[in-house]
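This is what each chain is made of:
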Amino acid sequence: MLSRFRGSMLGSLMGDCLGSPFEGEASIGKVFLNNYFSQLGDPKKRLPFKPYTDDTAMTKSVALSLTELKGFNGQDMAKRFTKEYFAEPKRGYGSAVHDVFMGLRNSNCEDPYRPAQRQFQGMGSYGNGAAMRVAPVALMNYNDEARAIDVATMQSKITHSHKLGCQGAVLQCLAVRAALHVQPNGLNIVKFTDDLISTMRNIEKKDADVVVEVEGGDSDAPWNTTSYARRLETVKKFLEQPEPPPNEEIHGLLGVHVSALRSVPTAIYCFLVSQNPIPGIECDNKLQRCIQFAISLGGDTDTIAAMAGAISGAYLGEDQVPKELLRHCEAVKDVLSWADKLHDASSTVQFSN
Ligand code: R7I
Ligand code: MG
Ligand code: MG
Ligand code: MG
């Protein structure tokens, strides 16, 4: 299990660091990326160091709060998010989340959920910021699905109280947990997807009374559906095809957006599709293939690659993380120490507030 924990945390870091230079680009050519990654892998090449972004900065707070308090405490986690943000505000945070940290600082985190509830005229944020940092929750609660779901939701509510922001965090957490539980080389892609679909269906049924604003304009369009389960059905359909559909189709039906709905299912797709060779991507390592493919889609590249990397690393373990790529990433030793702490703490978890 330790190797899986380390793999997940390193996969997330690598996706963030290697994906962030491309964040916001429309699409990145597969040939260009083959070349780029082969240069990164060349020990003789001296290339600019890749810093991590908000994805990893917030993952750190989740990991350290859970491990140092031996369980979830909303106020402690909120304080850590806030401290981390004001220490290094230029890590590429989402454009609206600054207001949450201001509210938390001004109230000394008295009610750690209040500032997030005020976002977007009281709707809360549906950004992917709660999903991108959730991997430690999956590791810490790998033997307890119900608690993993609770903690994924509560940690989301500190910054992202919108139903879609919370559900996205839950789905990403469930995907990392599921990947941890698959035997080495034992991944059944259909079962993996079906299990997630059925769990999300139940969660969505329970949350159905919470009305949400539909993103975008034409609400009848299938890509405008606000259901994660339905988006996972699209993932399943894509996986039945002999090769990935064109980027435009992935953008339209799954998305590469900063919203959780339009990025978490995409990350899960990246993990699953990278289990087999992908036309145009020259790479035998599955974790690297996953990250390369995620980046090639464009859009929110750091976050989708980080989430896909966290799932992939949880399945493949530390041995499969390409060392020659890690050497370009910031804070590898720190990330390993968080993984180790999560591993130590995961047997003694508790749940409070
Ligand atoms: O979700 P969040 O933390 O941002 C994470 C993203 C990742 O890609 C990181 O790598 C970083 O680059 O940012 O930050 P938020 O500001 O809460 O949400 C991100 C964006 O989603 C917002 O700035 C909005 O553009 C959009 N958004 C919404 N728009 C309209 N209505 C989120 N919620 C809403 C909403 O309710
Ligand atoms: Mg980022
Ligand atoms: Mg950014
Ligand atoms: Mg991002």
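It should be emphasised that the depicted structure is a prediction, and the values quoted were computed from it without experimental measurement.

### Let's talk about the coordination of the magnesium ion (ligand 4)
And then number 1: The coordination sphere of the magnesium ion (ligand 4), as far as protein atoms go, consists of Glu-23 (OE), Asp-300 (OD), Asp-302 (OD) and Thr-303 (OG1), spread over 2.0 to 2.4 Å.
And then number 2: Given 6 donor atoms and angles of 80 to 178 degrees at the metal, the environment of the magnesium ion (ligand 4) is assigned as octahedral.
And then number 3: Binding-site remark: the magnesium ion (ligand 4) is held by donors from one chain whose sequence spacing is E-x276-D-x1-D-T.
And then number 4: A separation of 3.7 Å is found between the magnesium ion (ligand 4) and the magnesium ion (ligand 2), which share Asp-302 as a coordinating residue.
And then number 5: A residue is classified by how much of its surface remains accessible, and Asp-300, at 2% relative accessible area, is buried.
And then number 6: Looking at Thr-303, the relative accessible area reads 2%, which means it is buried.

### Quick notes on the environment of Phe-271
And then number 1: Considering the arrangement of structural elements, one finds Phe-271 in helix H14 (residues 264–273).
And then number 2: When the C-alpha positions of Phe-271 and Thr-67 are compared, they lie 27 Å apart, and in sequence the two are 204 residues distant.
And then number 3: Sequence-distant contacts of Phe-271, defined by excluding residues within four places in its chain, comprise Leu-187, Phe-192, Cys-290, Ala-308, Ile-311, Ser-312 and Tyr-315.

### A few points about the packing of helix H1 (residues 2–19) against helix H16 (residues 301–316)
And then number 1: Between H1 and H16, the shortest axis-to-axis distance is 6 Å and the interhelical angle comes to 160 degrees. Classed by the angle they form, the pair H1 and H16 counts as roughly antiparallel. As H1 packs across H16, the resulting crossing turns out to be right-handed. Within the contact between the two elements, H1 uses Arg-4, Gly-7, Ser-8, Gly-11, Ser-12, Gly-15, Asp-16 and Gly-19 and H16 uses Thr-301, Asp-302, Ala-305, Ala-306, Gly-309, Ala-310, Gly-313, Ala-314 and Tyr-315.

### Some thoughts on the site of ligand 1
And then number 1: Around ligand 1, a shell composed of 21 residues is seen, among which Ser-95, Ala-96, Ser-125, His-160 and Asp-300 lie nearest.
And then number 2: Here an oxygen atom of ligand 1 sits 3.4 Å away from a polar atom, N or O, in the main chain of Gly-124.
And then number 3: One nitrogen or oxygen atom from the main chain of Tyr-126 is found 2.9 Å from a nitrogen atom belonging to ligand 1.
And then number 4: Taken by itself ligand 1 offers 700 Å² of open surface, and the protein chains cover 84% of this.
And then number 5: When contributions to the shell around ligand 1 are tallied by element, the ones reaching two or more residues are helix H3 (54–68) and H16.
And then number 6: Looking at the shell around ligand 1 residue by residue, the classes come out as 6 nonpolar, 10 polar and 5 charged.

What counts and what doesn't
Every chain's residues receive numbers from 1 upward, in the order its sequence appears when written. Naming scheme: in the order in which they are written, chains are lettered from A and ligands are numbered from 1. Selection of residues for local features in this predicted model requires a pLDDT of at least 70, selection of side-chain atom pairs for listing and counting requires 80 or more, and totals for whole chains, interfaces and linings are taken over all residues. Processing note: side-chain calculations cover all non-hydrogen atoms of the structure and skip hydrogens and water entirely. For Na, K and Ca the donor cutoff is 3.2 Å, while for all other metals N, O and S atoms count as donors only within 2.8 Å; water does not appear among the atoms, so some sites may look incomplete. Under the classification used here, a metal with four donors is tetrahedral if each angle lies between 85 and 135 degrees, square planar if opposite donors are over 155 degrees apart and the others between 65 and 115, a six-donor metal meeting that same test is octahedral, and anything else is irregular. Note on exposure labels: buried denotes an accessible area under 20% of the residue type's maximum, exposed denotes more than 50%, and partly exposed covers the range between, all computed with a 1.4 Å probe on protein chains only. Secondary structure is summarised from DSSP: a helix means a run of H or I of at least four residues, a strand means a run of E of at least two, and numbering begins at the N terminus for each. Two residues qualify as a contact provided that any one of their heavy atoms is within 4.5 Å of a heavy atom in the partner residue. Angular values range over 0 to 180 degrees, each being the angle between N-to-C directions of two axes fitted as lines to C-alpha atoms, with helices fitted over their stretch in contact. For this classification, under 35 degrees means roughly parallel, over 145 means roughly antiparallel, 65 to 115 means roughly perpendicular, and everything else is oblique. Helix crossings get a hand from a simple test, with the near helix turned counterclockwise from the far one by less than a right angle marking a left-handed crossing and a clockwise turn marking a right-handed one. Being near a molecule or strand, for a residue, means having at least one of its heavy atoms within 4 Å of it. Polar contact criterion, stated in full: a pair of N or O atoms within 3.5 Å, where within protein one must be able to donate a hydrogen and the other to accept it, and residues adjacent in sequence count only if both atoms are side-chain atoms. Methods summary: accessible areas were calculated by the Shrake-Rupley approach with a probe of 1.4 Å, and residue burial reflects only the protein chains presented. Gly counts as polar in this scheme, as do all residues outside two lists: the nonpolar Ala, Val, Leu, Ile, Met, Phe, Trp, Tyr, Cys and Pro, and the charged Asp, Glu, Lys and Arg.

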